[in-house]
Amino acid sequence: MILIFEPDANKDQVLEKVRQYLDNFPNVKLKLIELEGKTRKVAELHLIGPTHEIRQDILAAMPGVERVIRISAKYRQIGRADVDLVPVGFTYQGLRFDQKSLHIFAGPCAVDTKENVEETFKMLNELGIHTARGGAYKPRTSPYDFQGHGASCLPWVFELAGKYGIKVIAMEVLRESHIEEIQRALDEAGHPTGVMLQIGTRNAQNFELLKEVGSQNEMPVLYKRGMGLTLEESLNACEYIASEGNRNIVFCLRGVKSQLGLPHRNIVDFAHVPVVHRLTRLPVCIDPSHSIGSKDASPDGLMDIFHAAAQGVISGANMILVETHPAPETALCDGPQSLTFKEFERFVRDVEVVREAYQKRLDTYSRSVIKDMTIQEAA
Ligand code: PEP
Ligand code: MN
């Protein structure tokens, strides 16, 4: 249950009254949350626990209470209960991330050499792209595979990002100390860029790590769906992040694991883009690289990676995470699915075509709805 305060309410007085009423419900906990609303600051009191017997009308009648919403879905923070008051999405590094925007985050799976990173950032800059990916900490299936350079590469990665106008880099973290290392390196470099902290599919239910990324507000979080989790389980994991205070989350679909997906690395789950839009207030990212896992193409010439990305973009995806490398055959991680720069440029053009088609779908649909309404009104 969520209680929304009137804009000029005396919150302490309201809280006092609510507490008095809740004396009868000792297992219900209170959490005060203040958000930047569409036209004003919005203060919400979240009632957490067994609230089914709490009388909504009694709370709603208290002075200083604008309204009380009973939340039936589990997603009290990432859900859409207060969507009319609080805008969907967030701004980071001057870029808007919401359910209408679209950003391409491209780069290597793992940061390897300075030269490769510099070439990548330069190429992105030339294409007018200011968002990149590149892992410093890599969770690998085998302990003998390259695990990433760790903190040692952060200073030069951030410096190069600044040099080429990269505003945000998506970077996976595996433990709390990685968040601190990134924060420190950004501070020491003077914040030439920003970082979106990535929670990889292997940590999708690492609740302690989710709480850690949620309890800082400096950097947004890119949460990757668990490869063996239902959508609901993954959304609940996002709720862990948000309930610690950080609502700046992008939800990433990256395919789910099953032999039924072969020959793709995972089964593409991009039909869930509109579902996540509907259930939550989160922007939705798609990751065609890890969904597909190869650069195989169909007889029409387009790679499966292009086709999969198109499926997400035509449904309104807001971010694409895609791997590209100047020399994929030398990449230390995920070379077989990494696009060359030439292929990446074609990929970007294809995304533009599909994005335009999505906008056309929306226009055509809304024109048809308006036409029906006009006919009904005239009748
Ligand atoms: C990645 O994006 O670098 C990655 C490891 O992806 P995932 O966690 O989805 O496997
Ligand atoms: Mn990868």
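Rules used in this analysis
- Residues numbered from 1 in each chain as written.
- Chains lettered and ligands numbered in written order.
- Predicted model: local features only at pLDDT ≥ 70, side-chain atom pairs only at ≥ 80, totals over all residues.
- Heavy atoms only, no water.
- Helix = DSSP H or I, 4+ residues; strand = E, 2+ residues; numbered from the N terminus.
- Buried < 20%, exposed > 50% of the residue type's maximum accessible area, 1.4 Å probe, protein only.
- Areas by Shrake-Rupley, 256 points an atom, 1.4 Å probe, with all protein chains shown as cover.
- Lys, Arg positive; Asp, Glu negative; His and termini not counted.
- Charge placed at Lys NZ, Arg CZ, Asp CG, Glu CD.
- Core = buried A, V, L, I, M, F, W, Y, C linked by side-chain atoms within 4.5 Å.
- Contact = heavy atoms within 4.5 Å.
- Phe/Tyr/Trp six-rings, centres within 6.5 Å; stacked < 30°, edge-to-face > 60°.
- Donors = N, O, S within 2.8 Å, 3.2 Å for Na, K, Ca; no water.
- Axes fitted to C-alpha atoms, helices over the stretch in contact; angles between N-to-C directions.
- Parallel < 35°, antiparallel > 145°, perpendicular 65-115°, else oblique.
- Left-handed = near helix turned anticlockwise from the far one by under 90°.
- Nonpolar A, V, L, I, M, F, W, Y, C, P; charged D, E, K, R; others polar.
- Salt bridge = Lys/Arg side-chain N within 4 Å of Asp/Glu carboxyl O.
- Pairing = 2+ DSSP bridges.
- Polar contact = N/O pair within 3.5 Å; in protein donor to acceptor, adjacent residues only side chain to side chain.
- Arc of directions from axis to C-beta.
- Near = heavy atom within 4 Å.

1. Some points on the overall build of the chain
For step 1, the next point in the chain: Of the regular secondary structure elements, the chain holds 11 helices and 14 strands.
For step 2, the next point in the chain: The dimensions of the chain, computed from C-alpha atoms along their principal axes, are 65 × 60 × 40 Å.
For step 3, the next point in the chain: When burial is assessed residue by residue, the chain has 53% of its 379 residues classed as buried.
For step 4, the next point in the chain: When the accessible surface of the chain is totalled, it reaches about 17400 Å², and 51% of it is carbon and sulfur.
For step 5, the next point in the chain: Considering the chain, the positive charge centre built from 44 side chains and the negative charge centre built from 50 side chains are found 3 Å apart.

2. Looking at the nonpolar core
A general tendency of soluble globular proteins is for nonpolar side chains to be buried together.
For step 1, the next point in the chain: With 88 residues, the main nonpolar core has F121, F158, I182, Y223, F344 and F347 as its most contacted residues.
For step 2, the next point in the chain: When residues no more than four places from it in sequence are discounted, the contact partners of F344 are I104, A106, M123, L124, L127, I129, V322, T324 and L339.
For step 3, the next point in the chain: M1, L22, L45 and V68 belong to the second largest nonpolar core, which has 19 residues in total.

3. Observations regarding the packing of aromatic side chains
For step 1, the next point in the chain: Under the definition given, this model contains seven aromatic pairs.
For step 2, the next point in the chain: Judged by centre distance (5.4 Å) and plane angle (80 degrees), the rings of F306 and F347 are edge-to-face. Of this pair, F306 sits in helix α10 (residues 304-313) while F347 sits in helix α11 (residues 341-378), and the two are 41 residues apart along the sequence.
For step 3, the next point in the chain: With relative accessibility at 6%, the residue F306 sits in the buried group.

4. Thoughts on the coordination of the manganese ion (ligand 2)
For step 1, the next point in the chain: Around the manganese ion (ligand 2), the protein supplies C109 (SG), H290 (NE2), E323 (OE) and D334 (OD) as donor atoms, at distances of 2.0 to 2.4 Å.
For step 2, the next point in the chain: Between consecutive donor residues of the manganese ion (ligand 2), the sequence gaps follow C-x180-H-x32-E-x10-D. With H290 in helix α9 (residues 288-292) and E323 in strand β14 (residues 319-323), the pair connects residues that are 33 residues apart, well separated along the chain. Considered together, H290 and E323 belong to a single accessibility category, that of buried residues.

5. Some details on the packing of α10 against α11
For step 1, the next point in the chain: Following both chains from N to C, one finds α10 and α11 inclined at 30 degrees, their axes separated by 9 Å at the closest point. Classed by the angle they form, the pair α10 and α11 counts as roughly parallel. The element α10 and its partner α11 pack so that their crossing is right-handed. Between α10 and α11, the residues in contact are I305, F306, A309, A310 and V313 and E343, R346, F347, D350, V351, V354, R355 and Y358, respectively.
For step 2, the next point in the chain: Here the residues of the contact of α10 with α11 sort into nine nonpolar, no polar and four charged.

6. Here's the deal with the side chain of E239
For step 1, the next point in the chain: Secondary-structure assignment places E239 in helix α7 (residues 231-243).
For step 2, the next point in the chain: Within the buried set, E239 has no salt-bridge partner at all; the shortest N-O distance to an opposite charge, 5.4 Å, is to R76.
For step 3, the next point in the chain: Contacts of E239, omitting those with residues within four sequence positions, involve K74, Y75, R76, Q77 and I78.

7. Concerning the pairing of strand β2 (residues 29-36)
For step 1, the next point in the chain: In the sheet, β2 pairs with strand β3 (residues 41-48) via eight bridges, with the strands oriented antiparallel. Paired with L30 across the strands is L47, a residue of β3.
For step 2, the next point in the chain: Here β2 folds back onto β3, and the loop between the two strands holds four residues.

8. Description of the side chain of Q77
For step 1, the next point in the chain: Inspection of the secondary structure puts Q77 in the loop between β4 (65-69) and β5 (90-92).
For step 2, the next point in the chain: For Q77, a relative accessible area of 4% puts it in the buried group.
For step 3, the next point in the chain: Of the polar contacts made by the side chain of Q77, one reaches the side chain of R247; its length is 3.3 Å.

9. A closer look at helix α6 (residues 207-214)
Within an α-helix, residues lying three or four positions from one another point in the same direction, as the helix has 3.6 residues per turn.
For step 1, the next point in the chain: Within the sequence span of α6, burial applies to L209, L210, V213 and G214. Each buried residue of α6 sits inside an arc of 140 degrees when the element is viewed along its axis, so together they form one side.
For step 2, the next point in the chain: Packed against the buried residues of α6 are α5 (176-189), β10 (194-199), β11 (221-224) and α7.

10. Re the site of ligand 1
For step 1, the next point in the chain: Around ligand 1, the structure places R133, K138, E172, Q198, G200, T201, R202, K224, R254 and H290.
For step 2, the next point in the chain: Taking R254, its side chain carries an N or O atom lying 2.6 Å from an oxygen atom of ligand 1.
For step 3, the next point in the chain: Look at ligand 1: alone it shows 290 Å² of surface, and the protein chains cover 97% of it.

11. Here we look at the sheet that holds β3
By way of backbone hydrogen bonds, the strands of a sheet pair with one another, either parallel or antiparallel.
For step 1, the next point in the chain: As summarised here, the arrangement of the four strands in space is β2-β3-β1-β4, forming an open sheet in which the pairing is antiparallel. In this open sheet, the two strands that pair with only one neighbour each are β2 and β4. In this sheet, adjacent strand axes meet at a mean angle of 20 degrees when their direction is disregarded.
For step 2, the next point in the chain: Against the sheet, helix α1 (residues 11-22) contacts β1 (2-5), β2, β3 and β4, and its axis sits at roughly 150 degrees relative to β2.

12. Quick notes on the pattern of salt bridges
For step 1, the next point in the chain: Applying the stated criterion across every chain yields a total of 20 salt bridges.
For step 2, the next point in the chain: Of the charged contacts in the structure, one is a salt bridge between E66 and R40, with a shortest N-O distance of 2.6 Å. Taken as a pair, E66 in strand β4 and R40 in the loop between β2 and β3 lie far apart in primary sequence, 26 residues in all.
For step 3, the next point in the chain: In this structure, D84 engages R67 in a salt bridge whose closest nitrogen and oxygen atoms are separated by 2.8 Å. Residue D84 is found in the loop between β4 and β5, and its partner R67 is found in strand β4; the two are separated by 17 residues along the sequence.
For step 4, the next point in the chain: Taking the relative accessible area as the measure of exposure, D84 reaches 43% and is therefore partly exposed.
For step 5, the next point in the chain: Here the salt bridges do not stand alone but share partners, grouping E44, D82, R247 and R281 into one network.

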